[in-house]
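Each chain, written out:
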Amino acid sequence: MTSAREIEHFAQAEYKYGWTADLEADSAPCGLSEDTIRFISRKKDEPAWLLEWRLRAFRHWLTMKEPTWAKVHYPKIDYQAISYYSAPRSAAGKPKSLDQVDPKLLEEYAKLGIPLREQEQLAGVAVDAVMDSVSVATTFKQKLSDLGIIFCSFSEAVREHPDLVRKYLGSVVPYTDNFFATLNCAVFSDGSFVYVPKGVRCPMELSTYFRINASNTGQFERTLIIADAGAYVSYLEGCTAPMRDENQLHAAVVELVAHDDARVKYSTVQNWYPGDENGKGGIYNFVTKRGKCAGVNSHISWTQVETGSAITWKYPSCILLGDNSVGEFYSVALTNHRMQADTGTKMIHVGKNTRSTIVSKGISAGHGQNSYRGLVRITRNADGARNYSQCDSLLIGDQCGAHTFPYIENQNPTARIEHEASTSKIGEDQIYYCQQRGISAEDAVSMIVNGFCREVLAELPMEFAVEAQKLLGLKLEGSVG
Amino acid sequence: MIARTEALAGAAQGAEPGGKAFSAFLAARRGQDPDWLAEARADAFARFSERGYPSRRDEDWKYTSVEAIAATEFAAAPRPNPAALSPWLELRGAGAPLRVVLVNGRFERALSSLEALPAGLTVSSLKEALAADAEGARTLLLASRPAEDAFTALNTAFCEDAVLIRAAPGAAVGPPLEVLNLATTARAPFALRPRVALALGPGARLTLLDCHAGCRDDDVYFSNALLDADLGPGALLEHVRVEEEARSAFHVSACRVSAAAGAAYESTFITLGGRLARNSLHVVLAREEARCDLRGLYCVAGEQHADHHTFIDHAAPKTTSRERYKGVLDGQAQGVFCGRILVRPGAQKTSAEQSNDNLLLAREAAAHSTPQLEIYADDVQCRHGSTVGQLDEEMLYYIRSRGIDREAARGLLTYAFGNEVIGQIGFAPLRERLSRRLLEATGAARGQKE
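Residues numbered from 1 in each chain as written. Chains lettered and ligands numbered in written order. Predicted model: local features only at pLDDT ≥ 70, side-chain atom pairs only at ≥ 80, totals over all residues.

### Focus on the overall build of chain B
And step 1. Of regular secondary structure, chain B possesses eleven helices and 21 strands.
And step 2. Expressed as lengths along the three principal axes of its C-alpha atoms, the size of chain B is roughly 70 × 55 × 50 Å.
And step 3. Within chain B, buried positions represent 51% of all 450 residues.
And step 4. Considering only contacts in chain B between residues 6 or more positions apart, those separated by 24 or more positions represent 81%. (Helix = DSSP H or I, 4+ residues; strand = E, 2+ residues; numbered from the N terminus. Buried ≥ 20, exposed ≤ 12 C-beta atoms within 10 Å, placed from the backbone. Contact = placed C-beta atoms within 7 Å.)

Below, the structure is given as C-alpha cells:
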C-alpha cells in the first residue's frame, strides 16, 4: 500500500460513521519528532525528568526496526501520519445521541444487555448530565484513599506522586524494550496508576470504568500497578462491550510490580472494533504487558479474553525473581472474519521454587489466524522451578488457521517443564447430539466453545465471566451452518 | 561460468570457502562433471556466497552457533589408504551384509560389499551413475527441493561424490543396506560432504542404515552431509541414522524426504557424537495417505551440542505423522529440538502427534525445545507435547530400596529412558551395539561426576 493510500486509510478510519474528528487547537500536528514529544510533555505539564525519559526513548526508537516475526500481516504503518496528541474532545464533535451511532453497534449492545446510559458512554455520545457512575466513583475513591490506596490517572500520579512514578516507571518494561513499547514510552498519552501500600488488601476490583476521565486515555495507554509487601489488588481492564475508537494503532504498556507476599491479578476483556467481514478497518493492538514478581512468595496472574481488534500482538509476561513466586497466564483468544491474533506469554524463572502455569485457548473461525507464542525460560539458578503449559486450539471452518509456537529453554536440571498442545475442530457428532435435544446449531457451538474456555473464564471475576461467556457466543454468530 | 565464479571471489570472507577455492575445485572437477552439474555447483555456490553461514539472529539457528565452523579453515578431505581402514569399519559400522563405504565423502568400492545386491536394487557412485545414465542421475540429484540453506548449498557446490540408490517398483529389499560414512584422521581440519540420493519406485521397500562416524575423538573435521529421498506411491523407507562422529568434529546434516500417495517414511535418528551436531529433517507428505514416523534420541555430554530440526509438511489430505524425540543431556551439553508441523490449507483429516522429552542430568546442561504447530485446515487432529525434567526421585528411591546404589540407579533409569528409542531399530546387530554404547555412556556419565 502506498503511503498516500495509507493516510487515506487512517483518515477513513477516523471519519467513519460521520464522526467528525474536528480537533481543537489543542492537538499536535501529524508526525513524530522531538518537538511533538516536547509538545505532549508541555501540554501535560510534566516534570523535566519525564520529558528527558520520553526523549531518550524516542532517540532509541529511531534506531529500532518494526518487528516482523509475529504471524500477522498488515499494511505498513506510517508513523508520521499519526497525530500523537489530542486533547479530550469537546461535546460538539461527538454524536449527539444514539441515533447517530452505527446501528450495528447498537444491535450488539442490545444483545449484550448493556444499559442505555452505558451505551451512550461507550459509543462516545456526549453526555451533559453528570453520570451516575461519577458519583459512584467518588464514593469508591474515598474508600480507597482511606486505606492508603492510590488509584488515579497516570498524569495525576506524575503530579501527585512523582517519587513513586519515578521509582517504578520503566522498571519492568524499560524504554529500550521493544519497538512498540519504546514508541509508547516516547508518546504515551495517559493511563492508570495504582499503588497498594504494605499489607493492604484492596477491597474491590479496580476498573478503569470507575475512574473519572478514563474514557479518553488515548491510543498510547500506560498502566503501572504496584503492590507493596503483603498487598493484594485485582484490576480489570476493558469491558465486554464493543469499543469504537478513532485511532487505528494502539500501543499500550502495562507494568506490574509485586513485592514480598503481594498478589496482583490483572484481567482483561478486549473487544475493540475488529474491522468488517472483509477485514476493512479495525484496530491494531500492539501491547506490551509484563509483571515483575520482585519479592518472595509474590504472585502475578494474567487473565485475558481477547475477542476484538483486527490485529492482536500481545504477550503478558511474568519475571519470577523472588523465591517461591508464582506466575499465571490464562487466555482465550478468538479470531473471526479476517482477524489475526499472535498472543501468548513469557515466564522467566529466576528465583528458586518459582512456579508458572499457562493455559491458552485459541478459537479460530472464518478467515481468522490465531497463534499462541510463548516462552518458558528457566535460568541457571532457578532450582526447583516448575512450569505447566497447555495450549488448545479450536478450529471452526476450513479457511482459518491455528498455530502454536512454544519456546522452552531450560538451564536447570532440577526444573520440571511440561507443555501440551492440541488442535481440533468441533465434532459434527457433538453438534448433532445437541441438535437432537432441541438446541440450535448456533447455541450448540456457543455452548461447546464456552466449555472449551471454562478453565480460563473461571479465573475472571464473576460478573465479568458471565459477560465474557455471552460475548464469545455472540462473536461466533454466523460462523456455523 | 568460470568468470562468474571469479567475480564472486571477493564476496566470501573469513574462513568461509571463498571464490578462489571454488574455482580451483571446479577446475579439478573438469572432465568429471557434466555441464549441468558444474552449473548447479556454481548456482549453489552463488547462493551460499550471498548469504554466508547463518547467524544466531536467524530464527532457525537461534540456539546453535556455527561460528566455530565459520572460523575454521577446512582443507580438502585427505585420501587415506583404504586397506588401513578395515578395523575402523568393523568398529563403527552397523554390521550389515550389504554395505556401501564412503571414506571422507568418497565412495570406496573396494571397502564396500555390494556383490550380492538383491534384484531391483541398484547402488552406484556419482562417477558410475554419470557413465551409466547421466540424465537419470541428474533427475535424482537435482530434483527441486524445499529447504535449501547455506549448508545444502555448500554440499552441492563442493561434494566430490555421491551414492545413488534406486529400488525398482515393487522391489522389497529384505536385508538392510548400510551406508557407512567414515571420516579419517588428518593433520589439519578438513571438510567432507557425503551425499546420498535415493529413489524408491512404487511399492518398493528398503531399510537404510545410515551411519556417520569418525575414528579418533580428537579428530577435527566438518561433515556436511545431505540425503535426499523420493518415495514413490506405496513405498516404504525405514531410515536408521546413527551419528557417532569424533567428539571434536562438526556435523551439519540435512535429510529431505518426499512421500507420494500411501508412501511411508520411518526414521530413527541416534545422535551420540560430535562437538556440534545439527540434523535437519524435512519431510513432505505430498499426497493422500502418506505417513511418517520419526523417532530420535540425542545423548550428549561434556561440551557437546546436539540440535535437531524437523519439519513435517502435511501437503495433502489424510496424511499422518508421528514424532517422538528424546534427549539425555549431561555435563555442559546443550540439546536443541525444534519440531515444526505444517498442515496446509485443504489437508483435511490430517493426524499429527509430536513429543519431545528431555532429561537433564547435570547442573550445567541445558535443553531448548520448540515444538510448533501451524495449521490451516479444520478437520484435523494435532497435538504436541514437550517436557524437560530430571529423573523421578520416587523411581530412584524404589530402585535403591532394592539395594542398588544411587549412581547405578540413575544409570539404569537413564538407560531405560534412552533405550526406548534404540529398541525401535529392527536390525539386531546395530540395535545391540547401540544399546551397549548407551549403557556405557550412562555409566561413563556417572564416572565424570564423581
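### Some thoughts on unusual backbone geometry
All names here are of chain A.
And step 1. In the Ramachandran plot, Asn297 falls in the positive-phi region, its phi being about 55 degrees despite a non-glycine side chain.
And step 2. Looking at the secondary structure, you find Asn297 in the loop between strand E9 (284-293) and strand E10 (299-306).
And step 3. The residue Asn324 is not glycine, and still its phi comes out positive at about 60 degrees.
And step 4. By the secondary structure assignment, Asn324 is in the loop between strand E12 (317-320) and strand E13 (326-335).

### Quick word on the interface of chain B and chain A
And step 1. Contacts between the two partners involve 30 residues from chain B, matched on the other side by 29 residues from chain A.
And step 2. Where the side of chain B that touches chain A is concerned, the elements lending two or more residues are strand E20 (366-375) and strand E21 (381-389) of chain B.
And step 3. Its residues assigned to classes, the side of chain B that touches chain A comprises 14 nonpolar, eleven polar and five charged.
And step 4. Direction of pairing for strand E19 (residues 401-410) of chain A relative to E20 of chain B: antiparallel, over a ladder of six bridges. Bridge pairing in E20 of chain B places Ala402 of chain A opposite Ile375 of chain B. (Nonpolar A, V, L, I, M, F, W, Y, C, P; charged D, E, K, R; others polar. Pairing = 2+ DSSP bridges.)

### Quick look at the pairing of strand E16 (residues 305-314) of chain B
All names here are of chain B.
And step 1. Taken across its ten residues, E16 has nine buried, putting it largely inside the fold.
And step 2. Sheet analysis places strand E14 (residues 276-285) next to E16, joined by ten bridges and oriented parallel. Its bridge partner being in E16, Leu285 is matched across the sheet by His314.
And step 3. Pairing geometry for E16 and strand E18 (residues 334-343), over ten bridges, is parallel. Directly across from Thr310, in E18, lies its bridge partner Gly339.

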